[in-house]
Amino acid sequence: MKYIDEFRDGGVARILAGKIAAAVEPGRSYRFMEFCGGHTHAISRYGLADLLPPAVRLIHGPGCPVCVLPIGRVDLAIDLALSRGVILCTYGDTLRVPASDGLSLLKAKARGADIRMVYSTLDALKIARDEPQREVVFFAIGFETTTPPTALAIQQAEREQLLNFSVLCCHVLTPAAIRAILDMPEASAGGAVALDGFIGPAHVSTVIGTRPYEFVAADYGKPVVIAGFEPLDVMQAILMLVRQVNQGRAAVENEFSRAVSREGNLKAQQRMAEVFELRSEFEWRGLGVVPASALQLREAYAAYDAERRFKLVYRPVPDNKACECAAILRGAKRPQECRIFGTVCTPENPVGSCMVSSEGACAAHYSYGRFRDTTDRVSA
Ligand code: SF4
């Protein structure tokens with residue numbers, strides 16, 4: 001298949017691995033964070049870390065949509081479905097994220113809550129049309145990739161005056177999360193920031209473009225290479241990062257030029273801006289409360305805001321004490337450093353959110369058995 005097969009060629013991957021090994025300078029280490037869960041999945045699935053020289057370390061970042069969803073947000077959705085009698089629509093991965101009291105959306109559904117898995121916001125709109133006597137809430141999660149479809153659904157609901165439709169908005173922003181990582185204490189060891197660069201998101205960047213990452217290079221002196229999700233994309237991005245580090249450069253480079261431009265998708269950005277505005281702050285699993293890192297509905301669309309319609313009050317809830325998801329999402333620990341990894345916590349029985357989605361670091365390591373010490377913690 002075009003744009004797939006040629007980016008999964010093992011022979012070319014070995015050539016790129018050779019170029020990376022040749023580019024690595026003696027006595028130097030290179031620590032790159034792949035922000036996106038899609039990259040984490042590709043690195044584990046294709047064994048890319050095994051192809052890299054020991055001096056190149058990959059650190060998993062927080063870019064997995066369900067992983068960063070804090071328990072308190074899932075609790076709000078469960079409350080809507082279990083106690084308020086709404087039809088709650090959500091994407092599949094969200095169903096299994098552990099919440100308070102041993103619950104998840106899936107377990108709430110087993111208790112009788114009307115929770116429906118949807119493949120798109122259009123499915124949720126159709127349910128609202130088909131059941132006008134019921135309140136239908138779409139549990140909207142994810143980064144900038146999934147935000148435009150939510151904006152379109154809200155505008156469509158307004159056009160049709162579907163007043164039984166609303167959105168529990170938990171959309172979050174990638175650049176704010178990268179800034180939070182660069183600002184956190186673990187990213188600095190003895191005054192020197194331990195990360196040497198970022199593999200930047202693929203799908204998110206098709207929407208926002210490469211421009212919003214420029215502060216990473218300008219303000220923090222860290223290179224960013226936007227990369228596609230295929231294995232050769234990731235290998236090429238690592239080579240580009242190694243070269244930048246060697247040259248003492250920090251720039252935003254675009255390996256995924258077949259889909260990403262500097263400006264991004266302006267129409268999608270316009271829809272997002274019409275419907276959403278910045279929240280003053282938002283709690284992330286792992287990163288804590290991050291200012292200006294998430295979106296909420298504008299006043300003009302307040303009628304479609306589930307938080308306002310149902311007067312929801314957010315309450316932060318601590319993670320399970322045994323779970324190391326927070327440290328893993330900050331890049332401070334590796335999945336296998338969690339003492340219940342692969343024993344008590346498995347994809348069939350996830351204790352933390354990183355074991356739920358295939359993009360989660362724990363699930364990726366568990367599924368592909370990549371336990372070799374080729375990833376590292378930020379401050380190690
Ligand atoms: S193995 Fe499970 S409990 Fe441990 S950090 Fe990963 S998701 Fe959390």
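Residues numbered from 1 in each chain as written. Predicted model: local features only at pLDDT ≥ 70, side-chain atom pairs only at ≥ 80, totals over all residues. Heavy atoms only, no water.

## Some points on the overall build of the protein
Turning to step 1, where the next piece is worked out: Scanning the protein from terminus to terminus reveals 15 helices and 15 strands.
Turning to step 2, where the next piece is worked out: Taken against the 2.2 N^0.38 rule, which gives 21 Å for 380 residues, the C-alpha radius of gyration of the protein at 21 Å falls within 12% of a compact globule.
Turning to step 3, where the next piece is worked out: The principal-axis extent of the C-alpha atoms belonging to the protein is close to 70 × 45 × 45 Å.
Turning to step 4, where the next piece is worked out: Among the 380 residues that make up the protein, the fraction classed as buried is 57%.
Turning to step 5, where the next piece is worked out: Across the protein, contacts joining residues at least 24 apart in sequence account for 78% of those joining residues at least 6 apart.
Turning to step 6, where the next piece is worked out: Accessible surface, the protein as shown: approximately 15400 Å² in total, 52% of it carbon and sulfur.
Turning to step 7, where the next piece is worked out: Distance between charge centres in the protein, computed from 43 positive and 42 negative side chains, equals 2 Å. (Helix = DSSP H or I, 4+ residues; strand = E, 2+ residues; numbered from the N terminus. Rg over C-alpha atoms; globule rule 2.2 N^0.38 Å. Buried < 20%, exposed > 50% of the residue type's maximum accessible area, 1.4 Å probe, protein only. Contact = heavy atoms within 4.5 Å. Areas by Shrake-Rupley, 256 points an atom, 1.4 Å probe, with all protein chains shown as cover. Lys, Arg positive; Asp, Glu negative; His and termini not counted. Charge placed at Lys NZ, Arg CZ, Asp CG, Glu CD.)

## A closer look at the packing of helix 2 (residues 37-45) against helix 15 (residues 361-368)
Turning to step 1, where the next piece is worked out: Here helix 2 crosses helix 15 at 15°, and the two axes come no closer than 9 Å. In terms of orientation, helix 2 lies roughly parallel with respect to helix 15. When you trace helix 2 past helix 15, the crossing you get is right-handed. Within the contact between the two elements, helix 2 uses Thr 40, His 41, Ser 44 and Arg 45 and helix 15 uses Ala 361, Ala 364, His 365 and Tyr 368. (Axes fitted to C-alpha atoms, helices over the stretch in contact; angles between N-to-C directions. Parallel < 35°, antiparallel > 145°, perpendicular 65-115°, else oblique. Left-handed = near helix turned anticlockwise from the far one by under 90°.)

## A short note on the nonpolar core
Turning to step 1, where the next piece is worked out: Ranked by size, the top nonpolar core spans 78 residues in total, and within it Leu 88, Leu 105, Phe 139, Leu 168 and Trp 284 carry the most contacts.
Turning to step 2, where the next piece is worked out: Sorting elements by how many residues they give to this core places helix 4 (residues 71-83) first, with six residues.
Turning to step 3, where the next piece is worked out: Inspection of this core shows a minimum of three residues originating in each of domain 1 (1-334) and domain 2 (335-379).
Turning to step 4, where the next piece is worked out: If sequence neighbours within four positions are ignored, Leu 88 has contacts with Ala 77, Leu 80, Ala 81, Leu 105, Asp 114, Ile 115, Arg 116, Val 137 and Phe 139.
Turning to step 5, where the next piece is worked out: Core analysis: the next-biggest nonpolar cluster, separate from the first, contains 29 residues, Phe 7, Leu 16, Ala 23 and Leu 52 among them. (Core = buried A, V, L, I, M, F, W, Y, C linked by side-chain atoms within 4.5 Å. Domains from an automatic or database assignment.)

## Some remarks on the sheet that holds strand 6 (residues 165-171)
Turning to step 1, where the next piece is worked out: In spatial order, the strands read 4-3-5-6; together these four strands make up an open sheet with parallel pairing. Each having just a single partner strand, strand 4 (115-117) and strand 6 make up the two edges of the open sheet. Across the sheet, the mean angle from the axis of one strand to that of its neighbour is 25°, orientation sign disregarded.
Turning to step 2, where the next piece is worked out: When strand 3 (residues 87-90) meets strand 5 (residues 136-142), the two strands line up parallel, connected through three bridges. Directly across from Leu 88, in strand 5, lies its bridge partner Val 137.
Turning to step 3, where the next piece is worked out: In this fold helix 4 packs onto strand 3, strand 4, strand 5 and strand 6, with an angle of close to 165° to the strand it touches most, strand 6.
Turning to step 4, where the next piece is worked out: Contacting strand 3, strand 4, strand 5 and strand 6, helix 6 (residues 121-130) crosses the sheet at an angle of about 170° to strand 5. (Pairing = 2+ DSSP bridges.)

## Focus: the domain arrangement of the protein
Turning to step 1, where the next piece is worked out: Along its sequence, the protein is organised into domain 1 (1-334) and domain 2 (335-379).
Turning to step 2, where the next piece is worked out: Averaged C-alpha coordinates put domain 1 and domain 2 at centres separated by 18 Å.
Turning to step 3, where the next piece is worked out: Residue-level contacts link 41 residues of domain 1 with 33 residues of domain 2.
Turning to step 4, where the next piece is worked out: The largest per-residue losses of area from domain 1 upon contact with domain 2 belong to Ser 44, Arg 96 and Arg 334, which jointly make up 24% of the total buried on that side.
Turning to step 5, where the next piece is worked out: Counting every contact that joins domain 1 to domain 2 gives one salt bridge.
Turning to step 6, where the next piece is worked out: Arg 334 is paired through a salt bridge with Glu 337; the nearest N and O atoms lie 2.9 Å apart.
Turning to step 7, where the next piece is worked out: Linking domain 1 to domain 2 there are nine residue pairs in polar contact (both at pLDDT 80 or more).
Turning to step 8, where the next piece is worked out: Among the residues making up the side of domain 1 that touches domain 2, the classes are represented as 19 nonpolar, 10 polar and 12 charged. (Buried area = accessible area lost by both parts, 1.4 Å probe. Salt bridge = Lys/Arg side-chain N within 4 Å of Asp/Glu carboxyl O. Polar contact = N/O pair within 3.5 Å; in protein donor to acceptor, adjacent residues only side chain to side chain. Nonpolar A, V, L, I, M, F, W, Y, C, P; charged D, E, K, R; others polar.)

## Some remarks on the environment of Cys 338
Turning to step 1, where the next piece is worked out: Looking at where Cys 338 falls in the secondary structure, it is placed in the loop between helix 14 (325-329) and helix 15.
Turning to step 2, where the next piece is worked out: In the structure, Cys 338 is positioned 337 residues away from Met 1 in sequence and 39 Å away in space, judged by C-alpha atoms.
Turning to step 3, where the next piece is worked out: Every residue in contact with Cys 338, bar those within four places of it in the chain, is listed here: Ala 322 and Glu 324.

## Remarks on the site of the ligand
Turning to step 1, where the next piece is worked out: Every one of the 13 residues lining the ligand counts as a neighbour, but Cys 323, Cys 325, Cys 338, Cys 345 and Cys 362 are closest to it.
Turning to step 2, where the next piece is worked out: For the shell around the ligand, the per-class residue count stands at 11 nonpolar, one polar and one charged.
Turning to step 3, where the next piece is worked out: Both domains that meet at the shell around the ligand, namely domain 1 (1-334) and domain 2 (335-379), each give it at least three residues. (Near = heavy atom within 4 Å.)

## Description of the state of the cysteines
Turning to step 1, where the next piece is worked out: Taken as a whole and judged by the stated rule, the model has one disulfide.
Turning to step 2, where the next piece is worked out: One disulfide in the model links Cys 64 with Cys 67; its S-S distance is 2.3 Å. When the S-S torsion is 70°, as for the bridge of Cys 64 with Cys 67, the disulfide is right-handed.
Turning to step 3, where the next piece is worked out: Judged by relative accessible area, Cys 67 falls into the buried class, the value being 1%.
Turning to step 4, where the next piece is worked out: Lacking any disulfide linkage, Cys 36 is separated from the closest cysteine sulfur, that of Cys 64, by 9.3 Å.
Turning to step 5, where the next piece is worked out: Left unpaired, Cys 89 is separated from the closest cysteine sulfur, that of Cys 170, by 15 Å.
Turning to step 6, where the next piece is worked out: Cys 89 gets classed as buried once you look at its relative accessible area, which sits at 0%. (Disulfide = S-S within 2.5 Å.)

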